[in-house]
Amino acid sequence: MLMLKVECSLWFSLFSCSCAQGDLVTHTAWLNRSSILYAGEDKWSVDPRVSLVTLNQDEFTIKIEDVDLTDEGQYICAVQTSSRPRTTSVHIIVQVPPKIVNLSKDLVVNEGSNVTLMCLANGKPEPAIGWRMLSPSDDSLSSDSEVLEIPFISRYRAGVYECTAANDIAVDTQTVELTVNYPPSVSDGRDVGVTLGQRGVLQCEADAVPEADFEWYRDDRRIFNGFDGIEIEDAGAFSKLTFFNVSEADYGNYTCVATNKLGSANTSIILYEIIEPTSSTLLQGPGAVQDGNSGTSTVFTPTCLLLVVLLQLLLKF
């Protein structure tokens, strides 16, 4: 009795099927969904991916290259013996690695908005889809579905989000960058003391997205770069106001204003005078006696003072 045995293998995109034969076989054929692929050595299929590998008394093998979903289905090995035809079949299931086919684009939103991120993927078996906050990493913000909802988003939720689609074959990942706009907040200004004629620098820092534009004011009057020898330098979140030769007129209260399309903030900084000590003021201390006529002072050590007191006491007796 003739027994037919079919063995098939799938290696990446190459699929082959082998049908064991015997001495009693007179004709053989491979079919797919009633369409003849090969009848003996004769190729009936017009698909260039299908080819004959082996045909002898023991084996009848064909292969299909670059396998895709259209190749899935039942394959039949039919043999004709001297007595009657026999067939055996195998059902081929084509597995497809996941591929993300629809992903939310990079987003720019205002703080307080509701955000929805969407990720769709194909694959076989059907891939499992998930979201997570990739950078900065935050395990508390994730989803095991195609959709990630972020209500009333804050500036601290800005960053890179990763969608992952995975099945038994492979994993596909793609990312979305989420930018959150918010109005400026300005750090408290630090007052600066400068000696007359020296260099003085006032600094202002603002946290904002998009980055803030800076303006400087003295009272209600705006200061421009180059005005009265003053230099204004902006670099990202920082602004610097520099006096190269501080005069009496420069001392006072200055205001830094940071502005973007969502709002503004300000801080005040005082530039005050530091008086350098002179040689005469350094000599005058707790032991100095002021001469009211001459305006000069005589310095006595504690020992001299004690002798003066003792001398006055002796003069009383």
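Parameters at a glance
Residues numbered from 1 in each chain as written. Predicted model: local features only at pLDDT ≥ 70, side-chain atom pairs only at ≥ 80, totals over all residues. Heavy atoms only, no water. UniProt positions renumbered as here; feature names shortened; annotations may be inferred. Disulfide = S-S within 2.5 Å. Helix = DSSP H or I, 4+ residues; strand = E, 2+ residues; numbered from the N terminus. Buried < 20%, exposed > 50% of the residue type's maximum accessible area, 1.4 Å probe, protein only. Pairing = 2+ DSSP bridges. Axes fitted to C-alpha atoms, helices over the stretch in contact; angles between N-to-C directions.

By the naming in an unreviewed UniProt entry, the protein chain is Opioid-binding protein/cell adhesion molecule homolog isoform X4, taken from Carassius auratus. Taken directly from UniProt, the Sequence similarities (unreviewed entry) text for the protein chain runs: "Belongs to the immunoglobulin superfamily. IgLON family."

Q: Is there a simple way to think about the state of the cysteines in this case?
A: Each disulfide consists of one covalent bond between the sulfur atoms belonging to two cysteines. Taken as a whole and assessed by the stated rule, the structure comprises two disulfides. The residue that forms a disulfide with Cys119 is Cys163, at a sulfur-sulfur distance of 1.9 Å. Taking the torsion about the sulfur-sulfur bond, which here is approximately -75°, the covalent link between Cys119 and Cys163 counts as left-handed. Of this pair, Cys119 sits in strand E12 (residues 115-124) while Cys163 sits in strand E16 (residues 159-166), and the two are 44 residues apart along the sequence. Of the two residues, Cys119 and Cys163, both sit in the buried class.

Q: Please explain the sheet that holds strand E15 (residues 147-150) as it appears in this structure.
A: Paired through backbone hydrogen bonds, the strands of a sheet run either parallel or antiparallel to each other. Reading across from one edge, E10-E12-E15 is the order of the three strands in this open sheet, with antiparallel pairing throughout. Of all strands in the sheet, those with a lone pairing partner are strand E10 (96-103) and E15, marking the two edges. On average, adjacent strands in this sheet sit at an angle of 20° to one another, irrespective of strand direction. Bridge analysis of E10 against E12 gives five bridges, and the strand direction is antiparallel. Residue pairing across strands places Ile100 opposite Ala121, the latter belonging to E12.

Q: Looking at this structure, I do not really get the pairing of E16. What am I missing?
A: The two faces of the sheet receive side chains in turn, since in a regular strand these alternate between them. In the sheet, strand E13 (residues 128-135) pairs with E16 via seven bridges, with the strands oriented antiparallel. Following the sheet pairing, Ile129 is matched in E16 by Ala165. Pairing analysis gives eight bridges linking E16 to strand E17 (residues 171-186), with the strands arranged antiparallel. Within the sheet, the bridge partner assigned to Ala165 lies in E17 and is Asp172. Here E16 folds back onto E17, and the loop between the two strands holds four residues.

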